[in-house]
Every structure is written in structure tokens, then in C-alpha cells.
Amino acid sequence: SIVSPLHRTGYHFQPPRNWINDPNAPMYYKGWYHLFYQYNPKGAVWGNIVWAHSVSRDLINWIALEPAIYPSIPSDQYGCWSGSATLLPDGTPAITYTGISRSDINYQVQNIAFPKNKSDPLLREWVKPAELNPIAVPEGGINATQFRDPTTAWYADGHWRMLVGGVRGTRGLAFVYRSRDFRRWARAKHPLHSALTGMWECPDFFPVSGSGQENGLDTSESGAKYVLKNSLDLTRYDYYTVGSYDKRKDRYVPDDPAGDERRLRYDYGNFYASKTFYDPAKRRRVLLGWANESDSVPDDKAKGWAGIHAIPRKIWLDPSGKQLLQWPVEEVEKLRGKPVSVAGKVVRPGEHVEVTGLATYQADVEVSFEVSSLEKAEPFDPAYANDAQKLCGVKGADAKGGVGPFGLWVLASADLQEKTAVFFRVFKDGYGKPKVLMCTDPTKSSLSPDLYKPTFAGFVDTDISSGKITLRSLIDRSVVESFGAGGRTCILSRVYPSIAIGKDAHLYVFNNGEADVKVSHLTAWEMKKPLMNGA
Ligand code: DQQ
């Protein structure tokens, strides 16, 4: 397909070149945010994995340092895979990560590393004590090729605990490891939790404050609730549940008994292997995630790069207590240029309205919609109760509806041959209760061949009885990262327009439903480029 330098993102995290995947060991240390990530120093495809390292004052402007963790000991000589950071009580950071220790198979063990010089705020050099490593090996019948991604550790009742992802048969699970001194670790008999989902990669486990409270908690603090996330190797999505944690038994129980199948996701789009950390500077919990490309491997090689990270998101428990809310960290707003606004504009059935006066290929758009009436809402087919994505696949942005589809066409060409739709559609269930679907439909995003263009969708658990709903989209050349209803449902998509690139990308509000939709308020900002690893 058409490989354009204009697809390279402007303000989403990426190195100057080559392949990147999972965020690793995010932490705040002596005034700096540290982000490590899975990186191939030799090319734009996965392989030769080391931990690249960047630092930032604000999670938006990044400075690249030398790779921090790379094969150097027997227990990581064939790769340094994902892991996490824990800040010890005396302030020392520790990194735990997965090492590949054999050349014939991806034999996985867990390792530990400490800073060579704790007084260096940039933590440039790391030491892997020979007397400690590896700290955990796949004993006791553990599948050695499915045993990885240690979490941030937490302290309770005289012990440190951390999780390692794995699988037993088809049961995905999070092994618990315990230690008194953070140096010697032993596996607990029972996993923290498990479910019939296949392998759990990159588990994450953390406490949250009470419903609706936005402040984050350090991983060792007690929470009103706990969140367990795992990345399902089978589907390549990040799922989480909200539940309670029994410290004595080291067991986690989701509040919703069907939670493990209900499949709440951080993001209903392209977002994987995510990880959170507690930011003491702003007393918040921040979520970082990886978004892969959805063009072809030859395209990636031609571009010379592949993979980005989502804009860091603050996360906290929704007032309902049933799910998390997510919102781009406030620092991203520093990139906003002069605002362009629209207010009180009614978009009638079949109409679309262009938002002009700014370049929209690199923009932040916030909209408040108000639907005139929910009367025309289509009946909801319960066959789709657990499959928003399928529903959106059947009823895409161009399929006329009752209430909606309405929303934004982003990265659209002037002739509308190319457009990515981010929209809502409202149904009514058997009791007459509204059910809101949020979709990103990239099926018309590009005329180029060889692109993967899946429709992504999630239901939005919001009260739309007043007709009101909000949408925010962070548009960045080949990224559309959207937040529905104040961060209740999020969708990140990668798209590669062939005409709607650079200054030829347009932004519209559209309405393909039968009910009028009012744009009560829309503000769009061009986004400036931050420092991005020297690129
Ligand atoms: N990526 C890492 C693994 C992890 C996977 C390897 C998830 O540690 O399980 O690059 O994307």
C-alpha cells in the first residue's frame, strides 16, 4: 500500500525508528517519569528484544537514553521480555522482568535488576546480581514457554508479592511469588486468580480508591476495590475485572461472578500489553498501552518503524463501582494550539457539517452531543449482547439508523472517499431501556490495499435518557484514539489514509440516523509536536 511519511505520528510515543511493543516498568523517580519498552534495535519487525529507555518531565515530551536492560547474563541472553518496576521503602527502584535463557525454545525465567547508581535520577545503568538471578524458574510443572511478565510488587503482612502470567491447560492464570527481602522469591501454592481464557500475558494488579474518587493509590496501599487486568494472547486484547482481594489468602475475587467472561476492556480497539503505575507527583494511577500497526509487514519495513504507545491515561473507579474511567493525562493539553469552536449546531438526518479553521490531521476534538429524542431508537437484538464489535460490523457508519449513527468523520478526504467514523448508535432493549454502542469504523479509511481495517466497538454504560453524550478524539496522522462518555468506553484505531493525509485531512460531524442531533458544543485544537525521543 501507500507508505507515506505523513503517517508517522506527531505526539504519540515512539522512538525515531524500528519496532516497539509493550511498555515496561513505568515509574516516577526523582522528578522524572521513566518509560522502558520492548524494542528491536535492528529493525521494524519484532525480534532482538531489549528494553529501550526514555525519560520525561510530563509524560508527553520524551528524551531517549541508551537501552537499559539488554541480554548480558545467562538467564536473559536470548531476550529481555516484559516486566515492571517496584519502588522499595528506602526509595530504591527494582526491576523484575522475563529473560529468555535458551536458544532452542523461548524458555522463560524471571530476573531482577537494580540501579548501578541510585543518585542518578536518569537511572541509566542497571545491575543484575549474579547471586540472585534468575529469581524464578518454571518448576513444578509450569509451562516454561508460557511463564512471563512479572508485575509491580506490593507489600502486605510481612511479605512482598508479585504476579507472573501463565497458563495451565487452557486456564490462564497469575502465579503469586512472595519474598521477605525482595531478593529471594518463592511461589505460593495458589494463583491469585485464573479463568478459562488461554495464556495471560502482562498481568497487572492494583488497588483503587472508592467509587468516583479520582486519586490513585500506591500499589502497596489498601484499596476500596482492586483491579486485575490480563492481556489475552488468544484475542490480543486487554481485559479487566473489578473485585476484592484477600491479603491473607492472596486470592482475588471479581465482584461480577461473570466478570471473567463479561470482558470489560480498557480499550475496544488496538491496545495491548498495557501497564499502570502510581504517580506520586500527581497522586494518580496512569495507564500506558501499546498499539500495533495495522498495515502490512512490508509496509512497516518500508516505513522503518512499527508500533506506538497510547497517550498516557489517568484511570480511576467509576461512580457505579463497576468499571474504570479513563482520561488522557492533563499534560497532553499543553500541546493544544488555538481552539476552534462550534456551538448549538443541529445536524439533521443524513447531514454532515465540516469543522473548518484548523488543520485536523493532528488534533484534539471534544464534542458534546444532544439527541432530540430517543423515540426512534432501534430495537436491540439480544444476540449481540456480548458482541458490540459484531453489531458494529453489521451496522457500520453508513448503515442508516434511528438514533444515530452520529459522530465524527476524522481523517476524511474532501470528497469523502476516505473517512474514519467514530460514532454512537442508540438501541432500546426489551424493557425500553436505551443501550448505547460506540464504534470506530475504518472500513473507508483508506483507498490503499493490504490494510487491516477492523471495525471496533464497545457498549457504553452511560445514562443517555437526557439525550446527552460526549466524545473526545485524539487524532494523530495514523491514530484515532477516542473516549466516549467521559472515558467510559475507549477505542484506539490505526488508519493509513491515502488522500486524507496532512493538510488534506478534514473533520466532519455526521448524522445517519432519523433523529436530529445537536452539537451543543465542539472544540477542536491543532496539536503541537512535543519532544519525541529526538526524532
Ligand atoms: N510481549 C513480550 C512478552 C509479552 C508480550 C515480548 C506481550 O513478555 O508477553 O516482547 O505483547
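Residues numbered from 1 in each chain as written. Predicted model: local features only at pLDDT ≥ 70, side-chain atom pairs only at ≥ 80, totals over all residues. Heavy atoms only, no water.

### As for the overall build of the protein
Defined as follows: The secondary structure listing takes helices from DSSP runs of H or I that are at least 4 residues long and strands from runs of E that are at least 2 residues long, numbered from the N terminus. Relative accessibility thresholds used throughout: buried, under 20% of the residue-type maximum; exposed, over 50%; partly exposed, between the two (1.4 Å probe, protein chains only). What makes two residues a contact is simply this: any of their non-hydrogen atoms within 4.5 Å. Surface exposure here means Shrake-Rupley accessible area, sampled with a 1.4 Å probe, where a residue is shielded only by the protein chains that are shown. In this count, Lys and Arg are taken as positive residues and Asp and Glu as negative ones, while His and the chain termini are left out. Where a charge sits is defined by one atom per residue type, namely NZ (Lys), CZ (Arg), CG (Asp) or CD (Glu).
Across its full length, the protein holds 3 helices and 38 strands. Principal-axis analysis of the C-alpha atoms gives the protein an extent of 70 × 50 × 40 Å. Burial status across the protein gives 62% buried among its 535 residues. Long-range pairs, those at least 24 residues apart, make up 64% of the contacts in the protein with a sequence separation of at least 6. Of the roughly 19900 Å² of accessible surface on the protein, a fraction of 50% belongs to carbon and sulfur atoms. A distance of 3 Å separates the average location of the 65 positive side-chain charges in the protein from that of its 59 negative side-chain charges.

### What to know about the environment of E481
Quick reminder of the rule: Here a polar contact is recorded for every N or O atom pair within 3.5 Å, except that within protein the pair must consist of a potential hydrogen donor and a potential acceptor, and residues adjacent in sequence are included only if both atoms are side-chain atoms.
Here E481 shows up in strand β35 (residues 479–484). Sequence spacing of E481 and E370 is 111 residues, and the spatial spacing of their C-alpha atoms is 22 Å. In contact with E481, other than residues within four places in its own chain, are H12, A310, I311, R313, R472, S473, L474, I491 and L492. Side chain to side chain, E481 and H12 meet in a polar contact 2.7 Å long. Within the structure, the side chain of E481 is placed 3.0 Å from the side chain of R313, a separation counted as a polar contact.

### Concerning the state of the cysteines
Disulfide: a covalent bond connecting the sulfur atoms of a pair of cysteines. Counted only if it meets this: Cysteine sulfur pairs qualify as disulfides if the two atoms are within 2.5 Å.
A complete count under the given rule lists 1 disulfide for this structure. Note that C392 is cross-linked by a disulfide to C439, the S-S spacing being 2.4 Å. Placement of C392 in helix α3 (residues 388–394) and of C439 in strand β32 (residues 434–441) is noted, with a sequence separation of 47 residues between them. On the basis of relative accessible area, C439 is assigned to the buried category, the value being 0%. Note on C490: no disulfide assigned, nearest cysteine sulfur contributed by C439 at a separation of 14 Å.

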